[in-house]
Amino acid sequence: MSDEFTAGGCNPSDCASCGGGCSSAGGCDPVENHKTITLTMEDDTEVECAILTVFPVDAKEYIALLPLDENGQNESGEVYLYTFARTESGDPMLSNIESDEEYAKAAEYYEKGIAYEPNRPSNIKRYNQLGLSYFYAEQYENARNAFNACISVMKENEELFKLAMNSNDKDVQKTYTDFILYSMNSTLWLARLAQSPQESISNYNSIIQIPSMKSNLQPQDFINLATAYHHLKDTGKAQSILKEANTLFPTDIDIMFSLSLLMADNDICRIELLQKILKYEYQIQPRTFDYATVYNNIAWTYCCLKQYEKGLSFAEKSVILNSEHGYSWETLGELYFFLKRYEDCIEAMTKCLSCPAKEFHKSALTFRGKSLIAIGKKKDGKKDLENALKL
């Protein structure tokens, strides 16, 4: 049998420590005097960050940093929070926040600053950063609330934004353009955190046609959107989204795999797509599946096409790679059955029945029962068939 269409999720960012990369040559001035600071990450790569603010919470100080790309921009909206202190000589010293609880408490700074003037345009940025802080602290409901607040402030200031964008002042235009991007970024994160297919579709579709935002979409975003349409039984739309994603990310195996799950079980093109994934078996680690499932799904398609000999080697490889997949044992057992290798079928289906995924047990009992009858063990075979009918 074949694995079902599923999607994965997002992962928190890595932690880092301060590399002392201030811009002065003779040592570090107070950090507030600098616009940027350089972090040395755990893999020894360096990331330049804009300093947003240093703020106190209880007896500690924290620093909020905005990581910048090689062009000095931050398109993701991600914010780093660290504990902040100074050495005896006054140099800045950063360290990782010790727990999710402490991280969340530090994030409350943004709420305090926002509370006085909740609809001030500059709070668009702060709500977006607050949402990201909550997301990386795995407080997803608080993150959703912050992202929604960001969009709400944007709507409250719609007339002001129209005036700003028509202004002859380029700095004003740049500032308000950045606010618009923060609002769209919040919409993207709401799509990623959506609690229903309809919410996911609505948020993704509101930004996917905007070139500056579409370029920020990751492969998983297209998979998420396709999954939402698939849940609503619009398989055609889901396929078209994944085909477009496959064009944009031609080597992304998770997109290929998701697309394969929307193809008919007896579609020979499905085998071609799955075999294309196997070309990357020793090069790319999948995010949402394992290669054992790819081998199984090739074998299952061959089984549906009644090309049992062609599917056998793929099914055998699947259970070698991962013996915990009940569907892989079921596929192997069916192939053995149709090749009249009844004892091998009995063994494979017994393995399937030992796996926790019970949705394959009815088929396993049916084929094991038929195999037992075929080798003369009619009593045991009939018992399996009776048990199968109870499932």
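Residues numbered from 1 in each chain as written. Predicted model: local features only at pLDDT ≥ 70, side-chain atom pairs only at ≥ 80, totals over all residues. Heavy atoms only, no water.

K.L.:
I keep staring at the overall build of the chain and nothing clicks. Help me out?
P.N.:
Of the regular secondary structure elements, the chain holds 17 helices and six strands. Taking all 391 residues of the chain together, the buried fraction comes to 47%. Nonlocal contacts in the chain, meaning residues at least 24 apart in sequence, comprise 51% of its contacts between residues at least 6 apart. Of the roughly 20000 Å² of accessible surface on the chain, 49% is carried by carbon and sulfur atoms. (Helix = DSSP H or I, 4+ residues; strand = E, 2+ residues; numbered from the N terminus. Buried < 20%, exposed > 50% of the residue type's maximum accessible area, 1.4 Å probe, protein only. Contact = heavy atoms within 4.5 Å. Areas by Shrake-Rupley, 256 points an atom, 1.4 Å probe, with all protein chains shown as cover.)

K.L.:
What's the story with the pattern of salt bridges in this structure? I'm lost.
P.N.:
A pair can form between side chains of opposite charge whenever their charged atoms are brought close. The tally for this structure, following the rule as stated, stands at 14 salt bridges. The salt bridge partner of Arg86 is Glu61, with a shortest N-O separation of 3.4 Å. In this pair, Arg86 is assigned in strand β5 (residues 80-86) and Glu61 in strand β4 (residues 60-67), connecting sequence segments 25 residues apart. A salt bridge links Asp344 to Arg341, with the shortest nitrogen-to-oxygen separation between them at 3.0 Å. (Salt bridge = Lys/Arg side-chain N within 4 Å of Asp/Glu carboxyl O.)

K.L.:
Whenever I open this one, the packing of helix α2 (residues 123-136) against helix α5 (residues 170-192) confuses me. Can you help?
P.N.:
In helix packing, the relevant descriptors are the interaxial angle and the interaxial distance, both defined with respect to the helix axes. In the contact formed by α2 and α5, the axes pass within 8 Å of each other and the chain directions differ by 30 degrees. In this view, α2 runs roughly parallel relative to α5, as classed from their interaxial angle. The chirality of how α2 crosses α5 is left-handed. Contacts between α2 and α5 involve Ile124, Lys125, Asn128, Gln129, Leu132, Phe135 and Tyr136 from the former and Phe179, Tyr182, Ser183, Asn185, Ser186 and Trp189 from the latter. (Axes fitted to C-alpha atoms, helices over the stretch in contact; angles between N-to-C directions. Parallel < 35°, antiparallel > 145°, perpendicular 65-115°, else oblique. Left-handed = near helix turned anticlockwise from the far one by under 90°.)

K.L.:
It is not clear to me how helix α14 (residues 326-338) should be interpreted in this structure. Could you clarify?
P.N.:
The α-helix winds at 3.6 residues per turn, so residues separated by three or four positions along the chain end up facing the same way. Here α14 contains 13 residues, and its C-alpha end-to-end distance of 19 Å stays within 8% of the 18 Å for a straight helix at 1.5 Å per residue. Within α14, 12 of the 13 residues are buried, leaving the element largely enclosed by the surrounding structure. Buried within α14 we find Gly326, Tyr327, Ser328, Trp329, Glu330, Thr331, Leu332, Gly333, Glu334, Leu335, Tyr336 and Phe337. Where α14 is buried, its residues contact α12 (291-304), α13 (308-321), α15 (342-354) and α16 (361-374). Downstream of α14 by one or two residues, Lys340 has phi in the positive range, about 65 degrees. (Expected span 1.5 Å × (residues − 1).)

K.L.:
When you look at the pairing of strand β3 (residues 46-57) in this model, what are you seeing that I'm missing?
P.N.:
Along any regular strand, the residues point their side chains to alternate faces of the sheet. Bridge count between strand β2 (residues 36-41) and β3: five bridges; the pairing is antiparallel. Of the residues in β3, the one forming a bridge with Thr40 is Glu46. Linkage of β2 to β3, two consecutive antiparallel strands, is achieved through a turn of four residues, within which Asp44 is found at a positive phi near 75 degrees. In the sheet, β3 pairs with β4 via eight bridges, with the strands oriented antiparallel. Its bridge partner lying in β4, Ala50 is registered against Leu66. Counting the residues between successive antiparallel strands, the hairpin from β3 to β4 contains two residues, one of them, Asp58, with a positive phi of roughly 55 degrees. (Pairing = 2+ DSSP bridges.)

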